[in-house]
Amino acid sequence: MKRLIPPALLMTVLLTACEKDITVDLPTTEPRLVVEGTIETGQPPFILLTRTQSYFAPTSVQSLSDIYVTDGVMTIFDGVTTHTLDKLCSGSLTEEQLQLAAEATGIDINLLRQVNICAWTKLDGTLLGEVGRTYRLDIQADGKSISSTTTIPSVIALDSLWFKLAEQDPGDDSLGLVWARLADPDTLGNAYRWFAKRLNAGPDGQPKDDPFIAPLFSVFEDKFVNGLTFDFNFVRGSQAFSSADDDNNAESGLFKRGDTVAVKFVSLGNKEFEFYNSFANNVASAGDLFSNPANAVGNIEGGLGIWAGYAASLDTVICVP
Amino acid sequence: MVRCVRILLPLLGLLLGLSLAAQTSFSVSGYVKDAATGETLIGANVYIKETMKGSSSNTFGYFVLNLSPGPHTIVMSFVGYEDDVRTIDLKEDIKLTFEARTKAIVAKEFEVLGEKGKDNTENTQMGTIDVDVQKLSTLPALFGEVDILKTIQFLPGVKSNGEGNSGFYVRGGGPDQNLILLDDATVYNASHLFGFFSVFNADAVKNIELIKGGMPANYGGRISSVLDITMKEGNEKQIHGQGGIGLIASRLTLEGPLVKDKASFIVSGRRTYVDVLAKPFIKPGSAFGGSGYYFYDLNAKANYRLSDKDRFYLSGYFGRDVFNFVGSDPGDPKFRIPWGNSTLAARWNHVFGPKLFLNTTATYSDYKFLFDATQDQFSFKLFSGIRDVGLKVDLSHYPTARHSLKYGGQYIFHNYTTSTVTVASGDTEFDIATPPKLYAHETALYAMDDFDLTDDLRINAGVRLSTFTHVGPYDRYILDENGRSTGVTNFKNGEKVAGYARLEPRFSLRYRIDKNSSVKASFNQGQQYVHLATFSSVALPTDVWIPSSSNVKPQVGTQYAAGYYRDFKDHLFETSVEGYYKDFQNLIEYAEGAQPQNNGNTNYDAQLVYGTGYSYGAEFFVKKRTGKLNGWFGYTWSKTMRQFPDINQGREFASRWDRRHDLSLVLAYEPGKRWSFGATFVYATGQAVTLPVNRYFIEGRLVSEFTDRNGYRMAAFHRLDLAATLSNKTTKTKKDKATGDVTTVQKRWRSSWTFGVYNAYNRMNPYFIFFDAAGNPADGDFQVLAKQVSLFSVLPSVTWNFKF
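Counting restarts for each chain, with residues numbered from 1 along the sequence as it is written. As they are written, the chains are lettered A onward and the ligands numbered 1 onward, keeping that order. Local features in this predicted model are restricted to residues whose pLDDT is 70 or higher, and side-chain atom pairs enter the listing and the counts only when it is 80 or higher, whereas totals over whole chains, interfaces and linings include all residues.

(A) Molecular detail of the overall build of chain A. Within chain A, the regular secondary structure consists of five helices and 18 strands. Just to be clear, the radius of gyration here is over C-alpha atoms, and the globule rule we use is 2.2 Å times residues to the power 0.38. Relative to the globule expectation of 20 Å for 321 residues, the C-alpha radius of gyration of chain A, 21 Å, shows essentially globular dimensions. Each principal axis of the C-alpha distribution contributes one length, and for chain A these read about 60 × 50 × 45 Å. Neighbour density around each residue's C-beta defines its exposure: 20 or more other C-beta atoms within 10 Å make it buried, 12 or fewer make it exposed, and counts between make it partly exposed, where C-beta atoms are placed from the backbone. Residues classed as buried in chain A amount to 40% of the 321 residues present. Once local pairs closer than 6 in sequence are excluded, the contacts in chain A between residues at least 24 apart make up 69%. In this text, helices come from DSSP runs of H or I with a minimum length of four residues, and strands from runs of E with a minimum of two, each type numbered from the N-terminal end. Residues are treated as contacting if the C-beta atoms built from their backbones sit within 7 Å of each other.

(B) The overall build of chain B, seen in detail. Tallying secondary structure elements over chain B gives three helices and 52 strands in all. Burial statistics for chain B: of 804 residues in total, 48% are counted as buried. Pairs at least 24 apart in sequence give 65% of the contacts found in chain B among residues at least 6 apart.

(C) Structural detail: the sheet that holds strand E4 (residues 53–54) of chain A. In this description, strands pair whenever DSSP reports at least two bridges between them. Reading across from one edge, E4(A)-E43(B)-E44(B) is the order of the three strands in this open sheet, with antiparallel pairing throughout. Edge positions in the sheet fall to E4 of chain A together with strand E44 (701–706) of chain B, since each of these pairs with one other strand and no more. Contacts from helix H5 (residues 270–284) of chain A reach strand E43 (692–698) and E44 of chain B within the one sheet, and its direction differs from that of E44 of chain B by about 90 degrees. Every angle, taken between N-to-C directions, lies between 0 and 180 degrees, and every axis is a line fitted to C-alpha atoms, over only the stretch in contact when it is a helix.

(D) Structural view of the domain arrangement of chain A. Residues and elements named next belong to chain A. One can read the domain layout of chain A as domain 1 (33–151) and domain 2 (154–293 + 311–318). Distance from the C-alpha centre of domain 1 to the C-alpha centre of domain 2: 24 Å. Opposite the 10 residues of domain 1 that make contact, domain 2 presents nine residues. Put simply, the parts of the chain that give the side of domain 1 that touches domain 2 at least two residues each are helix H3 (95–105) and strand E10 (144–151). For the side of domain 1 that touches domain 2, the residue count by class is three nonpolar, five polar and two charged. Each domain's extent was defined by an automatic or database domain assignment. Nonpolar residues are Ala, Val, Leu, Ile, Met, Phe, Trp, Tyr, Cys and Pro. Charged residues are Asp, Glu, Lys and Arg, and all others, Gly as well, are polar.

(E) Looking closely at the sheet that holds strand E6 (residues 84–90) of chain B. Residues and elements named next belong to chain B. One open sheet accounts for four strands, arranged E3-E2-E5-E6; its pairing is antiparallel. Since the sheet does not close on itself, it has two edges, and those belong to strand E3 (54–56) and E6, each with one partner. For this sheet, the mean angle separating the axes of adjacent strands, direction not counted, is 20 degrees. Here strand E2 (residues 45–48) pairs with strand E5 (residues 70–77) via four bridges, running antiparallel. Counted as the bridge partner of Tyr47 is Val75 from E5.

(F) Summary view of H5 of chain A. Residues and elements named next belong to chain A. A helix is expected to span 1.5 Å for every residue after the first. With 15 residues, H5 ought to run about 21 Å at 1.5 Å a step, and its terminal C-alpha atoms sit 21 Å apart, in line with that. By the criterion of burial, H5 is predominantly enclosed, with 11 of the 15 residues buried. Within H5, burial applies to Glu272, Phe273, Glu274, Phe275, Tyr276, Asn277, Ser278, Phe279, Ala280, Asn281 and Asn282.

(G) Structural detail: the environment of Val219 of chain A. Residues and elements named next belong to chain A. One can find Val219 in strand E14 (residues 219–221). Residues Val219 and Asp142, spaced 77 residues apart in sequence, show a C-alpha to C-alpha distance of 32 Å. Dropping the residues within four chain positions of it, Val219 is found in contact with Ala191, Tyr192, Arg193, Phe273, Tyr276 and Asn277.

(H) Spatial organisation of unusual backbone geometry. All names here are of chain B. Here Gly472 and Pro473 are connected by a cis peptide whose omega angle stands at 5 degrees. Relative to the assigned elements, Pro473 resides in the loop between strand E28 (457–471) and strand E29 (474–479). The phi dihedral of Gln649 falls on the positive side, at around 50 degrees, and the residue is not glycine. One can find Gln649 in the loop between strand E38 (629–643) and strand E39 (653–654). Positive phi values are uncommon outside glycine, yet Asn762 reaches one of about 55 degrees. Counting through the fold element by element, Asn762 comes out in the loop between strand E49 (750–758) and strand E50 (768–774). When the 14 C-beta atoms within 10 Å are taken as the criterion, Asn762 is described as partly exposed.

(I) Layout of the domain arrangement of chain B. All names here are of chain B. By domain assignment, chain B separates into domain 1 (26–104) and domain 2 (128–721 + 796–803). Contacts between the two partners involve 19 residues from domain 1, matched on the other side by 22 residues from domain 2. Broken down by element, the residue count for the side of domain 1 that touches domain 2 peaks at four residues, all from strand E4 (residues 62–67). Each residue belonging to the side of domain 1 that touches domain 2 can be placed in one class, and the counts come to six nonpolar, 10 polar and three charged.

Take a look at the structure:
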């Protein structure tokens, strides 16, 4: 569901405002730990650990490498066993492994090459996400202990997927959106997240998208659609800071006739939904005076970010109107 | 509070009883009117020449003097009018009507703030200011549009919401805590175009009174201030008109007698035409093709004087803002956003005897907002509103020379439409069963006495008993700890959902030190049963009025104030210093991260959090009342804080309208007969805003971490505006054909050009700050820039006004 244009636009329509760069003197605070972790049905957990930094911190590679935590101990308790996670760091990967890591994580390969980025997972296949199970994550890093729990809800698959022209330009018969039909179960409290990726090759011979990409606004709950069967779409998401042509021209946000699109549709818990919802609002409204400033509300005790259990279902559609 | 009331009530009764039994006296009562137009004059002084004691005319121009039998010299004085002196020998109650004649001298035009002869050192009221609207046109204004609410912002203790905004904040109170009355009907949203213009068309308004402290008991329902606006009644003698053509809007007003000297009318309209002007310059295919914005206002009033004892008034206001946005591409969203107010007031004045004056008003107010958007097959509608029907009875009673009593009652039936959302995708209507309407009864009874305890000590003591009852039909959701509905409690039609009854004590006193100086002190407490909930940091039409409920407790405001007042040079200069402390309870805010669309399928108050606040400050005021150069200077030092357990981790934070320093200077200068000049200057401490302190990344996207609510100050706000007005000659020569004599006669047609410069030295005042991230972290060229947006650079304007 597209976000409606903020009223800020109304202002710019009506008034010619003047804009200038200013220096803002902000207080400095102690860095906090930020968790970005998921455990998906049938998959091992995957966790990145970073730190907050001052809003106007320098943006050199050195400064960026400061935000990634490379030292830490993580354990997951699945209700039966406590698993100690394995750490994988880009600094110790071969070029081939870096390519794979970039595809799997969506982290830019240049960043992986320049900065030692570590992720925690379980390599031996003894910890794979299961529906209905609760996972407690404990992290020791930077002299702090932080923790979180998440539960993987039931899988709720989409009924169907199809492509429909968006006709944003009159006569355009190639660009469109992927639509889906969902039958929401008759129990209140279901929440969903949408990911998609284009499997077909782009002009460079490589698949157009590597990892699944969630659009910025990617979650919804059944508060208004409980028990209904309804149609919806999401715009095509792009990687953050994408400089790809098709993310900066008319194709931005849309799929193209002939694209093969894999959709990952996940069910997630209420706190997890709250996080991605508030995260999207936070990212979209940076400095927007029409919105009340609000933090992304995560589920990490003692830190920021999210530990999310995903109940995933996959489907594919070929873009033919 | 209860203890205060216990002491107050018997005291009131005691004083009343004592003085009623005092002595025999006769009354002199009647009306003060403008001789040329028949308009009644508000606040004219009527006094005894020998003792300098007297009273002033009320909102309907009515006055009463209670005097001992015998000869008296009575003076009617009003700034801009000739004094009217009558000698009487009082043997019985008599009626007097003063028909005041305007002074021939031109200086009148340039008394920016019509002083109305009200002596600031004399009355018990504190923090009360009258503004004579007809004298504002020579002051500079944004786009040349005279705006009475923006003029009010120049007064000490009153703060604006930043650039170009007509919203005002009084002594630390929120925008919802101002009671805005147009002929006694409540106006809920007093602004057009996101606050840049107020809804009051100055051509149709006769008088404005702002009470920012020491609110008397006849007003209630709001805890910070009262802005009482009286519309003109219309000329009783002959048809007149006035109007203006400005850069963005035009105005036209017609007034005249319906029955000469008995009934009159006034009709006034205004419309902006930016949309019409802009249309040729917007290409149909451009991003804004098909978009448009306009607003219009219509004011109308009629009155009929049945007899000396009875007079009827009917007045109304209707205004709408309409914004349309149609994107250039079929896939773009389309919006239609209309909103606006309507008010209607029917009044009946009746004089029971010289000492008892009745005003009964039936009122209707309506505020509606709709946001209608469609995109692809989605349609989204958000609407909200409030509708009031009310009846008010006010009695003014002047039993003896020392007492002036007011008592009465009020009833309002509120009908709220809280933020209601409908969403549809194609034919599937999403299930958003918000309560469509909320109903409530509000009542009040009050009594107050303004009396002289000694020759130097005057007291105004009053009490107001107010009640508020939220009634069904209403469905209240029963929510679990996750905020999900687990059931519904149904309240039947008329069934009580929640109710409150409160006593509101009001007390003020004036002690006269000498002829030119006095001290005053006041204590008052008020209850407010309606609340404005806002999702954004500026006043938007999306702001929603919601009633008190079982969760939302009535707001309570308690104010203590004291001041010293002194006039110099025979009242030519007026000065005052006032200090106040104000405490707020049961304030509401939306929780951090609340979104309008989350109001569906839950209680309308589910996203609210509750807190307290306080404000204290000192206000300094110097005014030169008349002369070629006149105007005023005001300075306020104040501090306004808020505390909410669920906001800012429970820590106290500066309110959005906390300004440590606030200074304003208003000057008018008239060197000759045709040219006049106006200048205004304002300075205010920068607005407190919330900025992110830290950043982090999730899925590669930049996330902002906020730590302190309103922890950052934008740059200070200051601005100088200038205006110059050139009037045509007021007289012409006429040659008598028969005799050849040349005489000078007054022109019926008057016109003037007002040239203005807004923001004369082009100060880039901050309107808001936002952050712009550019580059890619992976490429090492990522950076975040802070950008400050200023709305108006130097803006010239020209307006042509006419009168006939």
